[in-house]
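The lines below spell out each chain.
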Amino acid sequence: MLILTKITPFLFVLLWSTGFIGARLGAPYAEPFTFLTLRFLILLPIMAILVIGRGKSISLSRHQIAHAITTGFLIHGIYLAGVFWSISNGMPAGVAALITGLQPFITSTLAYFLLKETVARRQWYGLAAGFVGIMLVILPKLGAGAFQIPLWTIPAAFAATLGIAVGTTWQKQQPKNTDMIAGVFYQYIGALLVTIPLSMTETWDITWSGQFIFALAWLVIVLSVGAVLLLMYLLQHGAASTTATLFYLTPVAAALESYFLFGETLNAIQLGGMAIVVIAIAVCRPARKTQPPPSPSLQEPASTR
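A short tour of the structure in this document, coming up.

What counts, and at which threshold
Residues numbered from 1 in each chain as written. Predicted model: local features only at pLDDT ≥ 70, side-chain atom pairs only at ≥ 80, totals over all residues. Heavy atoms only, no water. Patch = residues over 30% accessible without salt bridge, like charges linked within 9 Å, V, L, I, M, F, W, Y side chains within 5 Å. Areas by Shrake-Rupley, 256 points an atom, 1.4 Å probe, with all protein chains shown as cover. Salt bridge = Lys/Arg side-chain N within 4 Å of Asp/Glu carboxyl O. Helix = DSSP H or I, 4+ residues; strand = E, 2+ residues; numbered from the N terminus. Buried < 20%, exposed > 50% of the residue type's maximum accessible area, 1.4 Å probe, protein only. Contact = heavy atoms within 4.5 Å. Core = buried A, V, L, I, M, F, W, Y, C linked by side-chain atoms within 4.5 Å. Phe/Tyr/Trp six-rings, centres within 6.5 Å; stacked < 30°, edge-to-face > 60°.

1. Considering a nonpolar patch on the surface
Together, Leu 41, Ile 196, Met 200 and Trp 204 make up a nonpolar patch on the protein surface, roughly 370 Å² of accessible area in all. Relative to the assigned elements, Met 200 resides in the loop between α8 (180-199) and α9 (210-237). Take Met 200: its relative accessible area is 58%, and that puts it in the exposed class.

See the structure below:
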């Protein structure tokens, strides 16, 4: 369990960052809301099988279901719909990533005011440094025409950022004894409440190429099952503000993946930004609490040990 706790954050970042790769591969073959709706419809029976296969019941209490649907509405529905739509309508992916990079600031602020989580001064400094690092990674990719952004795409990107920030904070209030996988099943129902109505505005024309099928399978199995379950695990075993800082590493990992898969180069400024992000993550992680030695009066007699 200790090893799992240590490697889960890094595994999550690696898997989550591949969402950019999957979206890039599949986007030319389907409209954004159609793509997302198809993804979530495929996921529902998969999650149901995972729940039943573990000998658990898909049934939860009304409170648990309502909480999970709301979480999915925000984290999967609002966030992904906003990002996919803004990029497909002319916003450069680098600008969208920069805007959604505001999420840790929003999540930490919400966790501080709503959940009364303690956010140390060094964590605020780390968050600020991480945001600077993200800018250094992304800005060199913007190019000369990057600021010619359709104005109507900007609210969508900010809505996506607010959606995942509020959803991450809301998830921390999950009712006790909620089965994690069953909860994710209902989260995808919440996501469909966003994407199905929006997909009705599209043509639903899909080109079933090998590349699209691979991208869809990757996003379903690796992202929506693997990475999301890891995210739920992290949120259940760590503070919302600390978990949010992991998203700072996503653009860094995506930049490295793009370098090896698509030949995108990294210059000195970007490498410097990546180093700042890594340092910021270390600063934002909470210090380990040391347990005081037991009082002599509470120690067991030597004969019972």
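2. Section: the environment of Trp 204
Looking at the element boundaries, Trp 204 is found in the loop between α8 and α9. On the basis of relative accessibility, which here comes to 31%, the residue Trp 204 falls in the partly exposed class. Sequence separation between Trp 204 and Glu 31 is 173 residues, and the spatial gap between their C-alpha atoms is 7.1 Å. With sequence-adjacent residues up to four places away left out, Trp 204 is seen in contact with Glu 31, Thr 34, Thr 37 and Ser 199.

3. A look at the pattern of salt bridges
Across all of its chains, the model carries one salt bridge by this definition. Between Arg 54 and Asp 179 there is a salt bridge; the shortest N-O distance is 3.1 Å. Pair noted here: Arg 54 is in the loop between α2 (32-53) and α3 (62-88) and Asp 179 is in the loop between α7 (153-171) and α8, with a separation of 125 residues, a long-range link. Under the relative-accessibility criterion, Asp 179 is labelled buried at 15%.

4. Notes on the nonpolar core
Grouped together as the largest cluster of nonpolar side chains are 59 residues, with contacts concentrated most on Trp 16, Phe 40, Met 47 and Tyr 188. Take this core: its biggest share by element is 13 residues, from α9. The residues touching Phe 40, leaving out its near neighbours within four places in the chain, are His 76, Leu 80, Tyr 188, Ala 191, Leu 192 and Thr 195.

5. Side note on the packing of aromatic side chains
Overall, the coordinates contain seven aromatic pairs when judged by the stated rule. Seen in terms of ring centroids, Trp 208 and Phe 212 are 5.4 Å apart; in terms of plane orientation they differ by 80°. Their pairing is edge-to-face. A network of ring pairs unites the aromatic residues Tyr 29, Phe 35, Phe 84, Trp 208 and Phe 212 as a single cluster.

These figures capture arrangement, not role.
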